[in-house]
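Observations on chain architecture
Single-letter residue listing:
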Amino acid sequence: MVKVLVPAGALGLGYDRKALARGLRENPDIIAIDGGSTDSGPYYLGTGTCKYSSGSVKSEWRELIEARAQAGVPLLIGSAGTCGADSAVDWMAAITREICAELGIKVRLAVLKSGQDAAVMSEALENGRISPLEAAPDISADTLRECTNIVALAGAEQIQAALDTGADIVIAGRTTDTALISALPLARGCHPGAAWHGAKIAECGALATTSPETGTIMVEFDETGFTVTPMAEEARATPHTVSAHMLYENTNPFVLFEPGGHLDVTASTYTPLDERRVRVEGSEWITAGRYTVKLEGARRAGYQTVSLTLVRDPRYVANIHAWCDKVLDTAGVKARERVGGDFDIQLRLIGLNATLGELDKQAASGTEIGILAIATAGTSEASREVAKILNPYLLHHPLTDQEEMPTFAFPFSPAELSRDVLYEFCLYHVLTVDDPMAPFRLTVEEIGQ
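Cut-offs and rules
Residues numbered from 1 in each chain as written. Predicted model: local features only at pLDDT ≥ 70, side-chain atom pairs only at ≥ 80, totals over all residues. Heavy atoms only, no water. Helix = DSSP H or I, 4+ residues; strand = E, 2+ residues; numbered from the N terminus. Pairing = 2+ DSSP bridges. Axes fitted to C-alpha atoms, helices over the stretch in contact; angles between N-to-C directions. Contact = heavy atoms within 4.5 Å. Buried < 20%, exposed > 50% of the residue type's maximum accessible area, 1.4 Å probe, protein only. Polar contact = N/O pair within 3.5 Å; in protein donor to acceptor, adjacent residues only side chain to side chain.

Some thoughts on the environment of Leu310
Among the structural elements, Leu310 can be located in strand β15 (residues 291-311). When the C-alpha positions of Leu310 and Ile171 are compared, they lie 45 Å apart, and in sequence the two are 139 residues distant.

Following this line, the structure appears as structure tokens:
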């Protein structure tokens, strides 16, 4: 049996400290936590930075390093620094060195990097080793060169290699969420289908329970299945909460693709052991004919400046689409005359359909609408200029030419806020490799005193 303790869905989110303490008393074999994802968009991969507060990350990581010392087991984080880029891994490693120095402890640190060189990836593309996933954009060597960061998602094999160094702490670059949790159970001979399925259930901590914000969960793996146990007193795992998590961030609730194969949970059974625990068996791991790792890449896509206008006049709220069209037409003509070049203006209606746009078939107007204006251009100066041309129209433009001038509201001054560089994802592909470790770099060091 292998016990994996997952403190939270991601480092920096927070968790129930009492639940973590309870988990430590259950004698886990490893503590594993995710460090990030692509949920918040391409900026973090583009810049190689973390979206979470550095203070929160350091505070929680310090607690987990102390928990690791108490339990005497390895501590593992993947997708370090949100994006898993090499710079984010270096940032996380520096925080770890600071904490160990402050605590006066000595540990063996393994660092697994997943950043990819654009020239190497271009050669792989030319040799047919990079393949698109469904709905992936067309790419070329130019696409790869334009990426500010490219990462490969590590699987269980790469995490196992890091653990095999005897590391006390493992900081990994971009990994699949499940690889962190499945690696040790697989290495110790637990059921492979159960290892991957249980890892999927535990990837977001207590999200697969009735009390998702408590964070901490324990998964016990063995030769036939796995058992899910929430660590918070008020939390319960049920067949519904556990089975439903296969829908989370997954297009197919029965199949999950990972490096080297895929998980099939079609025949899985979910049995409540008591009011808090669920036992799962019947999951199947199917090995692929080739070993692939997913690639993610982000590149600069221009510069953006945004502003926000608040409209409460009932007539304008009722005719907001016509008003926005008039603003876009009038301001667009002026921007093309005075700024030139390629630019884009979007007006998103907050309180009406800002989330789904034209896809929202049930949008209904309230008493007020916010108009989020987004000006995108090839330079920062051009995006700001377009946004400033929009300014007077957003504040005063009438619905028709034969009526008094209205006045709306900017919630702050100046009205324009520069978002600076805009990034976009441009890789949704897999790289075929003969050696699972080939795209990754593993180093080991002794830190602390």
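Okay, back to it.
With respect to the sheet that holds strand β13 (residues 278-281)
Spatially, β12-β13-β9-β8-β1-β2-β3-β7-β4-β19 is the arrangement adopted by the 10 strands of the open sheet, whose pairing is mixed. Each edge of the sheet is formed by a strand with only one pairing partner; in this case those strands are β12 (269-272) and β19 (441-448). The average undirected angle you get between the axes of adjacent strands in this sheet is 20°. Bridge count between β12 and β13: 4 bridges; the pairing is antiparallel. Along β13, the bridge assignment pairs Pro272 with Val278. The strands touched by helix α3 (residues 54-71) within the sheet are β2 (30-34), β3 (75-78), β4 (106-113) and β7 (169-172), with β3 carrying the most contacts at an inclination of about 145°.

Quick word on helix α1 (residues 17-25)
Within α1, burial applies to Ala19, Leu20, Arg22, Gly23 and Leu24. Of the surrounding secondary structure, the elements contacted by the buried residues of α1 are β1 (2-6), β2, α3 and β8 (217-221). Two or three places before Lys18, at the opening of α1, Asp16 has a side-chain oxygen 2.9 Å from that residue's backbone nitrogen. Where α1 ends, the next residue or the one after it, Asn27, has phi of about 55°, a positive value.

Keep in mind these values describe shape, not function.
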